[in-house]
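Structural features, examined
Residues per chain are reported as follows:
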Amino acid sequence: MVGAFSTEERFLGGESVKNNLLADEFETRGVAVTRVDTAGWRDRPVAVARGLLRAVSGGERTVFLCSAAPGAAIGLPPLSLLRAIFGFRLVYLVVGYKILDLLPRRPDLVWLLKRIDEIYLETEGMRRDLAGLGLHNGTHIPNLRPRVAVAARTSPPDPGQSLRTVFFSRIVKTKGVDVAVAAVRALNRGQPDRPVVLDIYGNCQPEERAWLEQLIDGDPAISYCGQLPSDGIHPTLARYHYMLFPSRYEGEVFPGAVLEAHAVGLPVLISDWHYNRECVEDGETGYLLPVRDVEAWTEQLRALQGLPRETYERLSMQCVTNLERYAPDQVMGRFLNRLFQGED
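The following paragraphs examine the structure supplied in this document. Since this is a predicted model, take the numbers as computed values, not measurements.

1. As for the side chain of Thr123
Following the sequence through the fold, Thr123 ends up in the loop between β5 (118-121) and α6 (124-131). Overall, Thr123 belongs to the buried group, its relative accessible area being 0%. For Thr123, the side chain forms a polar contact with the main-chain nitrogen of Met126, separated by 3.1 Å. Discounting residues that sit within four places of it in the chain, Thr123 has contacts with His140, Val253, Phe254, Tyr275 and Glu278.

See below:
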């Protein structure tokens, strides 16, 4: 597997988390995996190249390129050449949306992608969009979330209780934390006696920290709470009533934060952006809302304050039920069938 695997904070993100998770699941099922870590490759190009050559010349049957668009642009040409020499199967596991923006400008990459063995995509919509570019070797295999015993579950707000909301993602402007803050603040202006709480969690680099602090501006109902350790994600999310995910991030395809929320039965308010309709079913596991429309987000939060308890409990249960389609047995079964039998 060729892609970002580093767990250093400066490299940690959805790509490295997913790559490590997938590699771990393969190894759990007896599939030997060689990880070629390309994180920070510009600082160590020779070491990365040597690791890649050792892997592909050692009799590997299949090579996964697990990367976003920049990694595909750099990695596909040499991997295609090595494939011609060593005869391994080459598959591309697409990370992020930006490959769809890149391909119309790079007919050379389209040519290469048509000739590799398979392309794996997290959403059916992305598979269709790639087919529209002439790439018909795509297969939809959904995101993966391991089965984890969850001790805590979210519970509906009591009558008259302030809503507790959470934003859980890497802190960059396009992830939409500004919309979440603006919507909560707008609602709270009209109900100072019962303010909606917004707690913000996620990796926040120094260059974003000053912007975030200015955005929060000392609002007592809104707090940045730092980055959650992996074993603290579910107990923390279970303390809230709703997750807010107003992303407009260009690379968004399938946000893993949604699956973490669903694990504790936490409904998600999410932007109707890219393929988010495949992550959250409107009115069933959360609510789809217009991108950057603060008024719509504010009004949805206002409406949720009066949501009947039984409706909330139904939403919460649907979240947990929905998670089954992303269970390792489901997803890895499809991977292994495609890799070793070539069938779904």
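This is not the end of the story, as more comes after the structure.
2. Things to note about the sheet that holds strand β8 (residues 197-201)
The sheet built from 6 strands is open, its strands ordered β9-β8-β7-β10-β11-β12 with parallel pairing. Across the chains shown, the open sheet's two edge strands, defined by having one partner strand only, are β9 (222-224) and β12 (286-289). The average undirected angle you get between the axes of adjacent strands in this sheet is 20 degrees. Across 3 bridges, the pairing between β8 and β9 is parallel. Residue Leu198 lies in a different strand from β9, and its bridge partner there is Ile222. Those strands touched by helix α10 (residues 256-263) are β7 (164-168), β10 (242-245) and β11 (268-271), and its axis lies near 165 degrees from that of β11.

3. Comments concerning a nonpolar patch on the surface
Together, Leu81, Ile85 and Phe86 give the surface a local cluster of nonpolar side chains, amounting to about 320 Å² of exposed area. Note on placement: Leu81 falls in helix α3 (residues 69-86).

4. Things to note about the packing of α3 against helix α5 (residues 107-115)
Between α3 and α5, the shortest axis-to-axis distance is 10 Å and the interhelical angle comes to 45 degrees. Of the possible angle classes, the one that applies to α3 and α5 is oblique. Note that α3 runs across α5; the crossing there is left-handed. Here α3 contributes Ala72, Ala73, Leu76, Pro77, Ser80 and Arg83 to the contact with α5, which in turn contributes Leu109, Leu112, Leu113 and Arg115.

5. Brief notes about unusual backbone geometry
The residue Asp217 is not glycine, and still its phi comes out positive at about 55 degrees. Here the phi dihedral of Arg292 falls at roughly 65 degrees; this positive angle occurs in a residue that is not glycine. Within the secondary structure layout, Arg292 lies in the loop between β12 and α11 (294-304).

Conventions we followed
Residues numbered from 1 in each chain as written. Predicted model: local features only at pLDDT ≥ 70, side-chain atom pairs only at ≥ 80, totals over all residues. Heavy atoms only, no water. Helix = DSSP H or I, 4+ residues; strand = E, 2+ residues; numbered from the N terminus. Buried < 20%, exposed > 50% of the residue type's maximum accessible area, 1.4 Å probe, protein only. Polar contact = N/O pair within 3.5 Å; in protein donor to acceptor, adjacent residues only side chain to side chain. Contact = heavy atoms within 4.5 Å. Pairing = 2+ DSSP bridges. Axes fitted to C-alpha atoms, helices over the stretch in contact; angles between N-to-C directions. Patch = residues over 30% accessible without salt bridge, like charges linked within 9 Å, V, L, I, M, F, W, Y side chains within 5 Å. Areas by Shrake-Rupley, 256 points an atom, 1.4 Å probe, with all protein chains shown as cover. Salt bridge = Lys/Arg side-chain N within 4 Å of Asp/Glu carboxyl O. Parallel < 35°, antiparallel > 145°, perpendicular 65-115°, else oblique. Left-handed = near helix turned anticlockwise from the far one by under 90°.

None of this, on its own, says anything about what the molecule does.
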